[in-house]
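Coordinates in review
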Amino acid sequence: MVLSSAPIGEFDRRIVLLTKEKGKISAFAKGARRPTSHLLGIVNPFSFGEFTLYEGRSSYNLMQGKITNYFTELREDVEAAYYGFYFMEFAGYYAKEYTDETESLKLLYQSLRALLNPHLSNRLIRYIFELKLITVHGEGPQVFSCLGCQKQEGTFAFCARRGGILCENCRKGEPDAIPLDNSTLYTLQYIVASPVEKLYTFVVSDEVLKRLGKILKRYRDVYVDQKFKSLEMLELVADMKD
């Protein structure tokens, strides 16, 4: 999938691709800005398909592509488009070169498709995407047992600093821990444990949605050391809509 595309020189473009086989890679699309170029329609963000690349001495060159989904519907919905751009930037933050990014690519694709579902909240899709991507890359929280005593039943709170849930006894000394009701805890567990194909099959109450948002913000603040321009724009657009 094309994560980003930027003009280079007079007629070229530099694209960033998320691939299954080689992780995140950059490639030059020579002449892609010419109106007659066969690359013109395949170098836009959200383009998903098969790309043929030539590996040169210092960079990849895009030769051709077969696009199976352009996600053109996202371009017709400003808010959904900003969610999509944020998802791609967030995926690009975690992806590395020469790593297997099959699960990340699958998650990104399914998340963009979910944005086109009118029955799902975009905010819920965002929280699911964030938590699952963090989990896929080995930095997900412990949500199945207390970090302190390994207790699995009872009342818990989420502590971002400690990286997961704490029971009532072990949460003492963690005043910022967020109390969890059963629905929110189950939602966290479901997102962490479920395969990508099963993620976007449920809805939650407004209260659970608010709590998920608070939890994910705290977790990002602790474990993600980057500010995302697309997220700033997304939140601005969402505030205007509200």
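Residues numbered from 1 in each chain as written. Predicted model: local features only at pLDDT ≥ 70, side-chain atom pairs only at ≥ 80, totals over all residues. Heavy atoms only, no water.

Let's talk about the nonpolar core
- Counting residues in hydrophobic clusters, the biggest one holds 64 residues, and the most contacted among them are Phe-87, Phe-90, Leu-108, Leu-112, Phe-129, Phe-158 and Tyr-200.
- Ignoring sequence-local partners within four residues, the contact set of Phe-158 consists of Pro-141, Val-143, Gly-164, Ile-165, Ala-177, Ile-178, Leu-180, Leu-188, Ile-215 and Tyr-219.
- Ile-25, Ala-27, Leu-39 and Phe-51 belong to the second largest nonpolar core, which has 14 residues in total. (Core = buried A, V, L, I, M, F, W, Y, C linked by side-chain atoms within 4.5 Å. Buried < 20%, exposed > 50% of the residue type's maximum accessible area, 1.4 Å probe, protein only. Contact = heavy atoms within 4.5 Å.)

Here's the deal with the side chain of Ser-47
- You can see Ser-47 is positioned in the loop between β3 (23–29) and β4 (48–55).
- Among the polar contacts made by the side chain of Ser-47, one reaches the main-chain carbonyl oxygen of Asn-44 at a distance of 2.8 Å.
- With residues up to four places along the chain from it excluded, the contact list for Ser-47 reads Met-1, Val-2, Gly-41, Ile-42, Ile-67, Asn-69 and Tyr-70. (Helix = DSSP H or I, 4+ residues; strand = E, 2+ residues; numbered from the N terminus. Polar contact = N/O pair within 3.5 Å; in protein donor to acceptor, adjacent residues only side chain to side chain.)

Let's talk about helix α4 (residues 182–193)
- With 12 residues, α4 extends 16 Å between its outermost C-alpha atoms, agreeing within 8% with the 16 Å of an ideal straight helix rising 1.5 Å per residue.
- Residues of α4 that are buried include every one of Thr-184, Leu-185, Thr-187, Leu-188, Gln-189, Ile-191 and Val-192, and no others.
- In the core, the buried residues of α4 are packed alongside α3 (122–136), β6 (156–159), β7 (164–167), β8 (178–180) and α5 (206–223).
- One side-chain oxygen of the residue at the start of α4 lies 3.0 Å from the amide nitrogen of Ser-183, identifying that residue as Asp-181. (Expected span 1.5 Å × (residues − 1).)

Details of the sheet that holds β4
- Strands sit in the order β1-β2-β3-β5-β4 across an open sheet of five strands; the sheet is mixed. Every other strand in the sheet has two partners, leaving β1 (2–8) and β4 as the edge strands with one partner each. In this sheet, adjacent strand axes meet at a mean angle of 30° when their direction is disregarded.
- Examined bridge by bridge, β3 and strand β5 (residues 60–69) share two bridges and lie parallel to one another. Bridging across to β5, Ala-27 finds its partner in Tyr-60.
- The sheet strands contacting helix α2 (residues 102–114) are β1, β2 (12–19), β4 and β5, and the helix crosses β2 at an angle near 105°. (Pairing = 2+ DSSP bridges. Axes fitted to C-alpha atoms, helices over the stretch in contact; angles between N-to-C directions.)

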